[in-house]
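What the coordinates show
For reference, the chains in residue letters:
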Amino acid sequence: MSGPMDDPGRFEEVYRRTYLPVLRFLRRRLPPAAAEDAAAEVFLAAWRNRNELRGGELPWLYGIARRVAANAVRARDRADRLDDRIRADHEAGAEPAAEEEVLRRLGARGVLDRLPEREQEVLLLVAWDGLGVRDAAKVMGCGVGAFKVRLHRARRLLEAAVAADEARLPDDRLPVEGRTR
């Protein structure tokens, strides 16, 4: 389904079908409580801009969610800086999303965090959100060709970061096939 969502019933159907994917998208980028608030903002913005829908609903909503999450991160950063000035010894923070905790435990989050933000987003859209190149390009607001270049670069950077990470691991933590004898 694509096109304007003037009918409230159609919008409700899209909401019911896409709420959980949008919430998961946001939970990978924001703390749980902020993700739920951000999801509400996404659908409010979607309702306000329902006549601008072109193409698939989910890529369109992911594009809105990406902007909402970026705004939430900026707001959180400003609040953190203010909090740091008020109480230097207190760091504000929230419990990470479940997906973030799994990534952290696997060590992958550390590798991913060393990549530039745009490359992280490109990889997450394809690997985590399961979008194809065409839809992911729409979310990022670029053409398919530009997105393919970004994806290629992001994958090369990720490979280099993983290789650098493995080089720092003690021999007994490497996979069996990577150990020296």
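Thresholds, definitions, all that
- Along each chain, residue indices are assigned from 1 in the same order as the chain's sequence is written.
- Since the coordinates come from a predicted model, pLDDT governs what is reported: local features require at least 70, and pairs of side-chain atoms require 80 or more to be given and counted, while whole-chain, interface and lining totals use all residues.
- Where side-chain values are given, they derive from all heavy atoms of the structure, hydrogens and water being excluded.
- The pLDDT score gives, residue by residue, the confidence of the prediction method on a 0 to 100 scale.
- Helix numbers and strand numbers start at the N terminus; a helix is a DSSP run of H or I with at least 4 residues, a strand a run of E with at least 2.
- Between two residues, a contact is recorded if the distance between any of their heavy atoms is within 4.5 Å.
- The term nonpolar core refers to a set of buried residues drawn from Ala, Val, Leu, Ile, Met, Phe, Trp, Tyr and Cys, joined through side-chain atoms within 4.5 Å.
- Relative accessible area decides the class of each residue, using a 1.4 Å probe on protein chains only: under 20% of the type maximum gives buried, over 50% gives exposed, and in between gives partly exposed.
- Here a Phe, Tyr or Trp ring, Trp counted by its six-membered ring, pairs with any other such ring whose centre lies within 6.5 Å, and the pair is stacked when the planes are under 30 degrees apart, edge-to-face when over 60, and tilted otherwise.
- Relevant arc is that of directions from the helix axis to the C-beta atoms, nothing else.
- By definition here, a salt bridge exists when the distance from a side-chain nitrogen of Lys or Arg to a carboxyl oxygen of Asp or Glu is within 4 Å.

A separate point is the confidence of the model for the protein. Taken residue by residue, the protein gives an average pLDDT of 77. The fraction at 70 or more is 70%. Here helix α4 (residues 98-106) is the element of the protein with the lowest mean pLDDT, 55, and helix α1 (residues 8-27) is the one with the highest, 91. Long-range and interchain partners of residues 176-181, a stretch whose pLDDT sits below 50, account for 4 contacts in this model, where long-range means more than four residues apart.

Counting residues in hydrophobic clusters, the biggest one holds 38 residues, and the most contacted among them are V22, L26, V42, L61, I64, L125 and F147. When residues of this core are traced back to their parent elements, those giving at least two are α1, α2 (32-48), α3 (57-86), α5 (108-113), α6 (117-127), α7 (133-140) and α8 (144-168). For this core, the element with the highest residue contribution is α3, accounting for 7 residues. Not counting residues up to four positions away in its chain, the partners in contact with L26 are A35, A38, A39, V42, A65 and A69.

On to the environment of V126. As for its position among the elements, V126 is in helix α6. Assessed through its relative accessible area of 21%, V126 is described here as partly exposed. Sequence separation between V126 and A136 is 10 residues, and the spatial gap between their C-alpha atoms is 6.9 Å. If sequence neighbours within four positions are ignored, V126 has contacts with L131, A136, F147, L151 and R155.

Take the packing of aromatic side chains next. Evaluated as defined, the whole model comprises 5 aromatic pairs. The interplanar angle of 75 degrees and the centroid separation of 4.8 Å between the aromatic rings of Y15 and F43 together place this pair among those described as edge-to-face. Of the two residues, Y15 is situated in helix α1 and F43 in helix α2; the sequence distance between them amounts to 28 residues. In this structure Y15 comes out as partly exposed when scored by relative accessible area, which is 34%. We classify F43 as buried; its relative accessible area is 6%.

What follows deals with α7. Among all positions of α7, only A136, A137, V139 and M140 are buried. End-on view of α7: buried residues confined to an arc of 160 degrees, all on one side of the axis. Residue G141 follows α7 closely and has a positive phi angle near 75 degrees.

In this section: the pattern of salt bridges. Note that side chains of opposite charge can pair when their charged atoms are close. By the definition in use, this model includes 10 salt bridges. With its nearest N and O atoms 3.1 Å apart, the salt bridge here joins E57 to R10. Taken as a pair, E57 in helix α3 and R10 in helix α1 lie far apart in primary sequence, 47 residues in all. By relative accessible area, which is 5% here, E57 ends up buried. Three or more residues joined by partner-sharing salt bridges are found here, namely R28, R29, R66, E121 and D129.

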